[in-house]
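Spelled out, the chains give:
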Amino acid sequence: MTSHLDVDSVVLDIEGTTSATGFVVDVLYPYSRSRFGAVLSERSGDPDVLRAVAQVRELIGEPDADAVRVEKALNEWLDEDRKATPLKTLQGLIWSEGFARGELVSHFYDDVVPALRRWHAAGVRLHVYSSGSVAAQRAWFRSSPEGDLLPLVEGLYDTENAGPKQEPESYVTIAAAIGAAPGRILFLSDRPGELDAARAAGWQAVGVRRPGEPYYEQGVGDHPEAGTFDAITIARSTT
Ligand SMILES: CSCCC(=O)C(=O)COP(=O)(O)O
Ligand SMILES: [Mg+2]
């Protein structure tokens, strides 16, 4: 299906939408798993680590959990691909260093970067809203196979600065931060629950349905869908 849309801003999900879940799970997750222990023991005074550890303890209901117990919880969430905020904070910290060292390079589906360049050149404002932390998103866009894509992106939103991705309120928060009318924002995601929440906040929403992705079989509910970004045409009205 081809979608023709009149919007000023596009907000992008990453995993399953711009980029392959398989890459995240097979490359990034093992990279973080092998480094949680060192981060928890060697950087326990870092404010991001302190905050994440406190959040893990709260989520597991064990206020006195030690580093070994915290690491166990992180690894269990990793196995379940649970998008827990403290897991994402620590992953972001670990991955950004991996990207900066050149040990990691991000992944984008072939149709994505040309579309982002096209939309940006046409004056469409591009933003990201992902469960991956803002630090991870920044590193992801900066270290793409096609170089630094961060200049294309105006704003980065995650579950800490915007809230959970299946709650309409999070999309209200992002629209206010962008300074755009909700109906002029398009959200692209692979997950029907996220598309529902964006639509409930008054946004336009298109489900991106790529073969091989976890949500491909389930589909995107009653949302318009696109198999690639090439099927999404954005024509901004100026009135
Ligand atoms: C650069 S973010 C890495 C991917 C990730 O950890 C994640 O949780 C992405 O989830 P999304 O909300 O983009 O589906
Ligand atoms: Mg996704």
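Identification of the protein as Enolase-phosphatase E1 from Streptomyces lutosisoli is taken from an unreviewed UniProt entry. Recorded in UniProt under Sequence similarities (unreviewed entry), the annotation for the protein is "Belongs to the HAD-like hydrolase superfamily. MasA/MtnC family."

1. Structural notes on the nonpolar core
One broad rule of soluble globular proteins: the nonpolar side chains tend to lie buried together. Formed by 60 residues in total, the largest nonpolar core has its most connected members in V10, L90, F187 and A198. Residues from two domains meet in this core; each of domain 1 (3-19 + 107-234) and domain 2 (25-100) gives at least three. Aside from chain neighbours lying at most four places away, what touches L90 is F36, V39, A52 and L74.

2. Observations concerning the site of ligand 1
Taken together, 15 residues are adjacent to ligand 1, and I14, E15, S130, S131 and G132 come closest. For the shell around ligand 1, the elements supplying multiple residues, two or more each, are helix 1 (21-33) and helix 7 (134-142). Take the shell around ligand 1: its biggest share by element is three residues, from helix 7. Summarising the domain contributions, the shell around ligand 1 has at least three residues from each of domain 1 (3-19 + 107-234) and domain 2 (25-100).

3. Things to note about the packing of helix 1 against helix 5 (residues 85-100)
With their axes 9 Å apart at the nearest point, helix 1 and helix 5 run at an angle of 105 degrees to one another. By the angle class used here, helix 1 and helix 5 are roughly perpendicular. Here helix 1 contributes L28, Y31 and S32 to the contact with helix 5, which in turn contributes Q91, I94, W95 and G98. Class assignment for the residues of the contact of helix 1 with helix 5 results in four nonpolar, three polar and no charged.

4. Thoughts on the environment of G147
Structurally, G147 can be placed in the loop between helix 7 and strand 4 (153-157). Taking the C-alpha atoms as reference points, G147 and G202, separated by 55 residues in sequence, lie 34 Å from one another.

5. What about the pairing of strand 4?
Bridging between strand 3 (residues 125-129) and strand 4 involves four bridges; their strand directions are parallel. Bridging from a neighbouring strand, L126 pairs with V153 of strand 4. Each parallel crossover has a hand, and the one from strand 3 via helix 7 to strand 4 is right-handed.

6. Some thoughts on the domain arrangement of the protein
By the assigned domains, the protein splits into domain 1 (3-19 + 107-234) and domain 2 (25-100). When each unit is reduced to the centre of its C-alpha atoms, the spacing between domain 1 and domain 2 is 25 Å. The partner domain 2 presents 10 residues to the 11 residues of domain 1 that form the contact. Class assignment of the residues belonging to the side of domain 1 that touches domain 2 gives a composition of three nonpolar, five polar and three charged.

Cut-offs used in this document
Residues numbered from 1 in each chain as written. Chains lettered and ligands numbered in written order. Predicted model: local features only at pLDDT ≥ 70, side-chain atom pairs only at ≥ 80, totals over all residues. UniProt positions renumbered as here; feature names shortened; annotations may be inferred. Core = buried A, V, L, I, M, F, W, Y, C linked by C-beta atoms within 7 Å. Buried ≥ 20, exposed ≤ 12 C-beta atoms within 10 Å, placed from the backbone. Domains from an automatic or database assignment. Contact = placed C-beta atoms within 7 Å. Near = placed C-beta within 6 Å. Helix = DSSP H or I, 4+ residues; strand = E, 2+ residues; numbered from the N terminus. Axes fitted to C-alpha atoms, helices over the stretch in contact; angles between N-to-C directions. Parallel < 35°, antiparallel > 145°, perpendicular 65-115°, else oblique. Nonpolar A, V, L, I, M, F, W, Y, C, P; charged D, E, K, R; others polar. Pairing = 2+ DSSP bridges. Right-handed = clockwise from strand over helix to strand, strands pointing away.

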